[in-house]
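# Structure at a glance
Here is how the chains run, residue by residue.
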Amino acid sequence: MNFLFSSFERLVAYRYLRSPRQEGFISVIAGFSFLGIALGVATLIIVMSVMNGFRQELLTRIIGMRGHLVVHGIHAPLTNFDALTEEARHVSGVVGVYPMVERQAIITFRSQARGVAVHGIKLEDLQKRALIVDNIKQGSLKDFNDPDSIMIGRRMADQLHISVGDHLTMISPTGNVTAFGTIPRQKSFKVTAIFEVGMHEFDKSVIFMTLPSAQQFFKLPDQVTHLEIFVDNIEKTAERGFLIQSLVGEKAKVLDWEHSDSSIFHAVQVERNVMFLILTLIIVIAAFNIISSLIMLVKDKTRDIAIMRTMGAARSSILKIFFLTGASIGTIGTLSGVLLGLSFALNIESIRQFLQRLSGTELFSAEIYFLSQLPAKVDWSEVVTVIIMSLALSFLATVYPSWRASRLDPIEALRS
């Protein structure tokens, strides 16, 4: 930008940015303008990064546990599911199909009881689910294929004080009919592994067991409750779902992840948009501070402007001097805000843990926010958008005061 301004214009603009002590009030206003823009840009980048990270982590964990598509039986569990699984695997874009049994149950351990979601899955299918297998914290899948073995979440284990090797009792709401009425079915299972996927709801309430064990325990012989399907491109989930729906016909219903958890993702998107609008107002307010500081600077430098005009300075030079003064505040403030925002966003989890240790309070509750860690994902296109928006507002804020300075009549200014 230096080639647009002469050395004289740059020198005077730099001089005005370094106002002496008697003009300290103007410097204070300019300083607040700088801080306002820097903090506004930084806050906007941090909040957008956290919202992006929050959405990505939710998406990764929910899809990792439930699949991109779910095929449910309409009125009853799916029968002949092996043939349906093979047909679905041959659909274009499908990379994995897993037959599942999912039912609610109650577990008891040392006089403690809790409702859980039981997922029955084949061992070879479970080994393909990287989100689960890569996050086994204790034990292993070596004995998972045993009919009496289960795998539980880390938070459930912590809250009920369960360790690998412990036995717990599972009670099914589908009871056995006897002469004395319906008696709930119950069976003892051994915990062979403990996982932690990082999503609070899954880690505290999901139990995995082998598919044959789940079918037997919940009285679903040769049946599954649904098929979980993974596709190669998340953007084409609806297209793959249409092909699979055409394949299964009226025997089953196909739901994609956008419909299954639409309320969560819509809420995140709405909150993200609202936060963007609210935080943009901080930058707008800072831009108005630039206007007020420049107007006061023009008023204070009226005689200087008149002297420069009488010595041959053109109106365009006066305009450029004050434009450069205001634009420098906006540019430096924007760049400082970008550096601050990126530094904070890229290290936000470490900062959270430090503040948490310092204050002694939990700043990101997994029970409220679903996730065990504060996520952040920097979208560089959004960062560029924030930079352009901040610079544009800053430059626009300098136009009127600069134009007003250039239109001053030097004779009237010297008389005043």
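Everything in this summary refers to the structure shown in the same document. (Residues numbered from 1 in each chain as written. Predicted model: local features only at pLDDT ≥ 70, side-chain atom pairs only at ≥ 80, totals over all residues. Heavy atoms only, no water.)

### Things to note about the overall build of the protein
We apply this condition: Think of it this way: any DSSP run of H or I at least four residues long counts as a helix, any run of E at least two long counts as a strand, and we number them from the N terminus. Only protein chains enter the calculation, and the probe is 1.4 Å; a residue is then buried if its accessible area is under 20% of its type maximum, exposed if over 50%, and partly exposed in between. Should any heavy atoms of two residues lie within 4.5 Å, those residues are considered in contact. Areas reported here follow the Shrake-Rupley algorithm with a probe of radius 1.4 Å; residue values treat only the protein chains shown as occluding.
When you go through the protein residue by residue, the secondary structure sums to 17 helices and twelve strands. Taken over 416 residues, the protein has a buried fraction of 46%. Intrachain contacts of the protein at a sequence separation of at least 6 include 80% that bridge at least 24 residues. Counting only carbon and sulfur atoms, one obtains 59% of the accessible surface of the protein, whose full area is about 21200 Å².

### Considerations on empty space enclosed by the protein
For clarity, the cut-off: Two kinds of site are reported from a 1 Å grid over the protein atoms alone, namely cavities, where a 1.4 Å probe fits but cannot get out, and pockets, open sets with protein on both sides within 12 Å along at least five of seven lines, and residues are called lining when an atom falls within 4 Å of a point. Grid points are joined across faces, edges and corners, and a volume is the space filled by probe spheres set on the points. Residues are sorted three ways: Asp, Glu, Lys and Arg are charged, Ala, Val, Leu, Ile, Met, Phe, Trp, Tyr, Cys and Pro are nonpolar, and all the rest, Gly among them, are polar.
The final tally for this structure, using the stated rule, is two cavities of 30 Å³ or more. Of the pockets and cavities examined, the second largest cavity occupies roughly 40 Å³. Surrounding the second largest cavity, Leu-44, Ile-45, Met-48, Ser-49, Val-378, Asp-379, Glu-382, Val-383 and Val-386 form its lining. Elements supplying a minimum of two residues to the lining of the second largest cavity: α2 (24-66) and α16 (380-406). Among the elements that take part in the lining of the second largest cavity, α2 stands out by supplying four residues, more than any other. Classifying every residue of the lining of the second largest cavity by side-chain character gives six nonpolar, one polar and two charged.

### Thoughts on the layout of surface pockets
There is about 340 Å³ of room inside the second largest pocket. Along the wall of the second largest pocket there are 20 residues; nearest its centre are Arg-66, His-72, Glu-102, His-119 and His-226. Taken together, the elements giving at least two residues each to the lining of the second largest pocket come down to α2, β1 (69-73), β3 (94-109), β4 (112-121), α7 (200-205) and β11 (226-231).

### Side note on the packing of helix α13 (residues 315-346) against α16
In plain terms, the rule: Axes here mean lines fitted to C-alpha atoms, for a helix over just the part in contact, with angles spanning 0 to 180 degrees between N-to-C directions. For classification, angles of less than 35 degrees are called roughly parallel, those exceeding 145 degrees roughly antiparallel, those between 65 and 115 degrees roughly perpendicular, and all remaining angles oblique. Crossing handedness follows the turn of the near helix against the far one: under a right angle anticlockwise gives a left-handed crossing, and clockwise gives a right-handed one.
Relative orientation of the contacting elements α13 and α16 amounts to 155°, with a least axis distance of 8 Å. The angle between α13 and α16 places the two elements in the roughly antiparallel class. In terms of crossing hand, the pair formed by α13 and α16 is right-handed. Packed against α13, whose contacting residues are Arg-315, Ile-318, Leu-319, Phe-322, Phe-323, Gly-326, Ala-327, Gly-330, Thr-331, Thr-334, Val-338 and Leu-342, the element α16 presents Trp-380, Val-383, Ile-387, Ser-390, Leu-391, Ser-394, Phe-395, Thr-398, Ser-402, Trp-403, Ala-405 and Ser-406 at the interface.

### A short note on the side chain of Ser-149
Just so we agree on the cut-off: Pairs of N or O atoms within 3.5 Å make up the polar contacts considered here, provided that, within protein, one atom can donate a hydrogen while the other can accept it, and that residues adjacent in sequence are counted only when both atoms are side-chain atoms.
By the element assignment, Ser-149 lies in strand β6 (residues 149-153). Classification of Ser-149 as buried rests on a relative accessible area of 3%. Reaching out from Ser-149, the side chain makes a polar contact with the backbone oxygen of Asp-143 at a distance of 3.0 Å. Beyond its immediate stretch of four places on either side in the chain, Ser-149 contacts Asp-143, Phe-144, Phe-189, Lys-190, Thr-192, Phe-208 and Met-209.

### Examining the nonpolar core
Put simply, the test is: Residues belong to a common nonpolar core when they are buried Ala, Val, Leu, Ile, Met, Phe, Trp, Tyr or Cys residues joined through side-chain atoms within 4.5 Å.
By size, the foremost hydrophobic cluster in this structure holds 54 residues, and its most contacted members are Met-65, Leu-126, Met-151, Phe-208 and Phe-322. The element contributing the most residues to this core is α2, with twelve residues. With near-sequence residues (within four places) excluded, Leu-126 lies in contact with Ile-121, Ile-132, Val-133, Leu-141, Phe-144, Met-151 and Phe-208. Ala-214, Phe-217, Leu-220 and Ala-252 belong to the second largest nonpolar core, which has 41 residues in total.

### Brief notes about the environment of Val-41
Residue position: Val-41 is located in helix α2. Given a relative accessible area of 0%, Val-41 falls into the buried group. Sequence-wise, Val-41 and Leu-340 are 299 residues apart; in three dimensions their C-alpha atoms are separated by 8.7 Å.

### Topic: the packing of aromatic side chains
Note the cut-off: Here a pair means two rings of Phe, Tyr or Trp (six-membered ring of Trp) with centres within 6.5 Å. Their orientation is stacked below 30 degrees between planes, edge-to-face above 60, and tilted elsewhere.
The final tally for this structure, using the stated rule, is six aromatic pairs. Judged by centre distance (5.8 Å) and plane angle (45°), the ring pair of Phe-323 and Phe-395 falls under tilted. Of this pair, Phe-323 sits in helix α13 while Phe-395 is found in helix α16, placing the two residues 72 residues apart along the sequence. One aromatic cluster is present, formed by Phe-189, Phe-217 and Phe-218 through successive ring pairs.

### Observations concerning a nonpolar patch on the surface
Keep this limit in mind: The patch calculation keeps residues exceeding 30% relative accessible area without a salt bridge and links them within 9 Å when they carry like charges or within 5 Å when they are nonpolar (Val, Leu, Ile, Met, Phe, Trp, Tyr). Salt bridges are defined by distance alone: a side-chain nitrogen of Lys or Arg within 4 Å of a carboxyl oxygen of Asp or Glu.
Together, Val-28, Phe-32, Leu-35, Leu-39 and Leu-340 make up an exposed nonpolar region whose accessible area comes to about 470 Å². In terms of residue count, the dominant contributor to the nonpolar patch is α2 (four residues).

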